[in-house]
Amino acid sequence: MRQAWWRTPLVALIAAALILSLSMGLRQTFGLFIDHLHLSSGTSISGISLSIALQNLLWGAATPFVGMLADRYGTGRCLVGGGLLYSAGLTMLAFADSPLMVHLGGGLLVGLGVAATGFPLVLAAVARVAPEEKRSTWLGIASAGGSAGQFLLLPATQASINSFGGSMTFILMAALAFIMVFSAASLAGRPEQQTGIDAQSLSAAITEAYRHNGFLLLTAGFFVCGFHVAFIATHLPGYIVSFNLPAFTGATALGIIGFFNIIGSMGAGTLGGRFRKKYLLSGIYLARSLIIGLFMIAPKTEPMVWAFSASFGLLWLSTVPLTSGLVGQIFGPRYMATLFGIVMFSHQVGAFFGAWLGGLSVDYTGGYESVWIISILLGLFAAALHWPISDRPVARLTAGKAEG
């Protein structure tokens with residue numbers, strides 16, 4: 001029976017990149033709405049930061065369970081539900097007139113929506129359809145979709161806020177989020193059931209992962225990625241404005257990060273197919289610390305902001321194809337959505353603290369310097385964690401190949 005065109009591997013890859021561009025791109029714009037939400041709902045800056053932090057935490061906490069549902073019932077159903085929740089949360093933010101509505105819309109609904117449309121589900125679907133020899137490259141291409149959305153949506157969102165106001169912009173974003181519902185059909189399906197020596201239950205897969213030193217180190221290291229990304233995405237625009245640069249400079253800076261991460265994510269995916277992923281990850285975290293340190297001591301001019309954004313953008317989500325690739329490489333693709341979802345939870349715990357501590361730092365110290373310093377130290381810590389990871393496939397997979 002001939003396969004429908006929308007279910008072919010290439011179309012699935014395009015749909016994956018589109019869903020991630022919307023899922024990741026839309027949520028990266030929230031830092032642009034801080035002033036609007038502060039005025040429209042009466043929520044403090046730290047309160048809005050807490051809402052974004054809770055969104056990140058809920059996203060992470062729900063992701064392993066959504067991954068289990070996708071592994072059992074199929075990716076398409078989860079993506080449809082996630083797109084609907086995402087759109088509903090953005091609509092609620094358009095009419096938010098109290099802190100409760102900000103927390104329910106931006107924290108609860110968007111958090112659940114991102115969990116059901118994020119990297120673990122989408123990349124697991126890509127890993128299923130990608131040719132094995134091109135799997136790392138395809139994961140990089142799909143991951144770059146998240147950056148393409150950031151690059152395109154951030155400047156467009158700031159322009160929309162300037163022209164139509166924050167409430168109407170949230171409505172437009174809700175309409176964009178609804179596109180994910182229609183794109184889900186290309187990624188429908190679930191992993192094939194295993195037979196023979198490599199057959200494994202979900203509980204056995206989780207137990208195997210938690211007994212593996214590489215999985216634990218990878219999970220701990222991904223906390224740092226979440227901290228960096230959430231802190232910068234939420235607070236870089238405000239940090240730039242504090243040096244008397246225009247608000248559009250902050251939005252453009254995040255857009256530049258998104259553009260250069262298209263290059264970084266695709267490059268990391270390609271390099272991950274040629275070199276050991278754990279060493280690439282150590283290098284990425286070390287480079288992040290160096291770039292942040294240089295940015296802290298450099299004069300805050302527009303050219304320096306562009307240079308920081310471009311260089312950090314190359315490293316922004318380049319960790320994702322390498323981290324997800326390591327999970328699949330070590331444990332196989334059967335429960336990749338669930339296992340990468342657990343790793344993603346650590347990422348989102350880091351994101352919670354990155355977003356929240358940035359707001360607390362402003363409210364209590366008047367600046368962001370202490371959180372920048374924490375970011376440098378965490379980057380060095382993550383670089384050290386990834387180096388000793390045991391990245392060989394587990395014995396169950398090698399035995400299965402030998403048997404085959």
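In short, a report on the structure. Predicted, not measured: the structure shown is a model, and the values here were computed from it.

1. Regarding the packing of aromatic side chains
Applying the stated rule across the entire model yields 22 aromatic pairs. Considering the side-chain rings of Tyr210 and Phe215, the 5.7 Å spacing of their centres and the 75° angle between planes classify their relative orientation as edge-to-face. Among the aromatic residues, those joined into a ring-pair cluster are Phe231, Tyr239, Phe243, Phe295, Phe308, Phe312, Trp316, Tyr368 and Trp372. Above the ring of Phe243, the side-chain terminus of Lys300 is found at 5.3 Å from the ring centroid.

2. Comments concerning a nonpolar patch on the surface
Where nonpolar side chains cluster on the molecular surface, the patch consists of Phe95, Phe164, Met168, Ile171 and Leu172 and spans about 510 Å² of accessible area. The leading source of residues in the nonpolar patch is helix 8 (residues 166-183), at three residues. In this structure, Phe164 sits in helix 7 (residues 135-164).

3. Describing the environment of Asp71
Of note, Asp71 is situated in helix 3 (residues 45-73). The buried category is assigned to Asp71, whose relative accessible area is 4%. Each C-alpha atom, one on Asp71 and one on Leu154, is 33 Å from the other, the two residues being 83 residues apart in sequence.

4. Describing the environment of Phe227
Among the structural elements, Phe227 can be located in helix 10 (residues 213-241). Residue class for Phe227 comes out buried when judged on its relative accessible area of 2%. Distance in space between the C-alpha atoms of Phe227 and Thr207 is 27 Å, their sequence separation being 20 residues. Non-local contacts of Phe227, meaning those with residues more than four positions away in its chain, are made with His347, Gly350, Ala351, Phe353, Gly354, Leu357, Val371, Ile374, Ser375 and Leu378.

5. Things to note about helix 10
Taking 1.5 Å as the rise per residue, helix 10 with 29 residues should run 42 Å; its terminal C-alpha atoms sit 43 Å apart, in good agreement. At His235, helix 10 shows its maximal kink, close to 50°; a proline, Pro237, follows between one and four residues later. The element helix 10 is extensively covered by neighbouring structure, given that 23 of its 29 residues are classed as buried.

6. Remarks on helix 15 (residues 336-365)
The α-helix winds at 3.6 residues per turn, so residues separated by three or four positions along the chain end up facing the same way. With 30 residues, helix 15 ought to run about 44 Å at 1.5 Å a step, and its terminal C-alpha atoms sit 42 Å apart, in line with that. Following helix 15 by one or two positions, Gly366 has its phi on the positive side, about 80°.

7. What about unusual backbone geometry?
The backbone phi angle of Asn244 is positive, close to 65°, even though this residue is not glycine. Structurally, the position occupied by Asn244 is in the loop between helix 10 and helix 11 (247-272).

8. Re the side chain of Lys278
Take Lys278: it is sitting in helix 12 (residues 277-297). Asp391 provides the closest opposite charge to the buried, salt-bridge-free Lys278, at an N-O distance of 4.7 Å. Polar contacts involving the side chain of Lys278 include one to the main-chain carbonyl oxygen of Ile389, which spans 2.8 Å. If near-sequence neighbours (up to four positions away) are discounted, Lys278 is found in contact with Leu326, His386, Trp387, Pro388, Ile389 and Asp391.

Reading the values: the criteria
Residues numbered from 1 in each chain as written. Predicted model: local features only at pLDDT ≥ 70, side-chain atom pairs only at ≥ 80, totals over all residues. Heavy atoms only, no water. Phe/Tyr/Trp six-rings, centres within 6.5 Å; stacked < 30°, edge-to-face > 60°. Lys NZ or Arg CZ within 6 Å of the ring centre and 35° of its normal. Patch = residues over 30% accessible without salt bridge, like charges linked within 9 Å, V, L, I, M, F, W, Y side chains within 5 Å. Areas by Shrake-Rupley, 256 points an atom, 1.4 Å probe, with all protein chains shown as cover. Salt bridge = Lys/Arg side-chain N within 4 Å of Asp/Glu carboxyl O. Helix = DSSP H or I, 4+ residues; strand = E, 2+ residues; numbered from the N terminus. Buried < 20%, exposed > 50% of the residue type's maximum accessible area, 1.4 Å probe, protein only. Contact = heavy atoms within 4.5 Å. Expected span 1.5 Å × (residues − 1). Bend = angle between axes of the 7 residues up to and from the residue. Lys, Arg positive; Asp, Glu negative; His and termini not counted. Polar contact = N/O pair within 3.5 Å; in protein donor to acceptor, adjacent residues only side chain to side chain.

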